[in-house]
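Working through the structure, step by step
Residue-level listing of the chains:
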Amino acid sequence: MNNKHKGIGRREFVKNSSLALISISLPWQNLELINQKKMTDTEFEVIIVGGSYSGLATAMALGRALRKVLIIDSGKPCNRQTPHSHNFITQDGKTPKQISDLAAEQVKAYPTVHFLDDLVTDAKKSLNSFSISTANGDSFTAKRLVFATGIHDIMPEIEGFSDCWGISVLHCPYCHGYEVRKKTTGILGNGDFGFEFSRLISNWTDNLSLYTNGASTLSKEETELLKSRNINIVETKIIRFEHIDGYVKNIHFQDGSQLAVDAIYARLPFKQHCTAPEKLGCKLNEKGYVVVDEMQKTTVEGVYACGDNTTKMRTVANAVAMGTNAGMMLNKEYVLENF
């Protein structure tokens, strides 16, 4: 018998055996629900709002630092319909869910980290702590908050666009460009963005067109330079993306014409997925991102933010790096405060 099991009492043995039998006989999801219903502790050192890559990375750093942490997540990451994730070393080509599921499993190994499947609806600051309210009517408090809540993309009014978003309508060539290299590719954009993005995407394909979806706002010099590189500029209004299961096949235009395409890049306007940081007074920059410093601190003392809600660099690798940084810096702040 292993020494660490010596001296265990009969009552504790029966209790542990019963829990083991429950875990074997019930699906994992049901066991998670039981654990959540039994959660009576409402005070934590850190509450992390958002349990995708950045939030999980924050939780791992804090769990390894022995901090008492609660992750609240509603289970709707912005990349949930993306078939594969790339440019994250050791995880290249896996689905977003495979990566996040493995991350959650590894974070759950740290006993001071707790999970709650819920949606944060409000956040308030008191003298020495923060209170968080959820859609299920629960309330929790913590001395520090981390918002890893991502952003909500605002889709254009083009039929089929949202069905293709993240599948064949792409936001990042570093995440997905290799998979559509040398294919017939389009860019949905105009003006400075359309010009600069056309230059960037020309690295991956020679068969490239810029769709301005209306009158072009490119300068004469920009137009001539793109055309000199055989980048076609199409100004006709787009009405529909014809696709099969999210994979675009043809762009249909208002004048009845259509053009075949394999992939399209677009950069969308967005809003913050969670309004709680703003309610607490966290400053947003002119582009709508939560302002943070090099330690992932927001403009409100005790509130951190990391991931897509703070930067246009929307990659899994970047989200993880920011989350890890937030966790380490937050723990250091606790140590210095209490030493």
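This write-up is about the structure you can find in this document. (Residues numbered from 1 in each chain as written. Predicted model: local features only at pLDDT ≥ 70, side-chain atom pairs only at ≥ 80, totals over all residues. Heavy atoms only, no water.)

**Some thoughts on the nonpolar core**
The nonpolar side chains of a soluble globular protein tend to be buried with one another. Threshold: Here, the term nonpolar core denotes a set of buried Ala, Val, Leu, Ile, Met, Phe, Trp, Tyr and Cys residues that are joined through side-chain atoms within 4.5 Å. A 1.4 Å probe rolled over the protein chains alone gives each residue an accessible area, and that area as a share of the maximum for its type sets the label: buried under 20%, exposed over 50%, partly exposed in between. A run of H or I in DSSP counts as a helix once it spans at least four residues, and a run of E counts as a strand once it spans at least two, with each numbered from the N terminus.
With 22 residues, the main nonpolar core has Ile47, Ile72, Ile132 and Phe147 as its most contacted residues. At the level of elements, strand 1 (43-49), strand 2 (69-73), strand 4 (120-125), strand 5 (130-134), strand 6 (139-147), helix 9 (276-280) and strand 17 (303-305) are the ones that each hand at least two residues to this core. With 4 residues, strand 6 is the largest single contributor of residues to this core. Listed in part, the 19 residues of the second largest apolar core include Val46, Cys306, Met322 and Leu330.

**Some points on the side chain of aspartate 118**
The cut-off we apply is this: Counting of polar contacts relies on pairs of N or O atoms within 3.5 Å, with two restrictions inside protein: one atom must be capable of donating a hydrogen and the other of accepting it, and residues adjacent in sequence are counted only when both atoms are side-chain atoms.
In this structure, aspartate 118 sits in the loop between strand 3 (113-117) and strand 4. Among the polar contacts made by the side chain of aspartate 118, one reaches the main-chain amide nitrogen of alanine 135 at a distance of 3.5 Å. One polar contact links aspartate 118 to asparagine 136, side chain to side chain, over a distance of 3.3 Å.

**What about unusual backbone geometry?**
Note: most peptide bonds trans; most residues except glycine with negative phi. Even without being a glycine, asparagine 87 presents a positive backbone phi close to 65 degrees. Turning to its location among the elements, asparagine 87 is positioned in the loop between strand 2 and helix 4 (96-107). The phi angle at asparagine 213 is positive, at roughly 55 degrees, despite the residue not being glycine. Tracing the sequence through the fold places asparagine 213 in the loop between strand 10 (208-211) and helix 8 (220-228).

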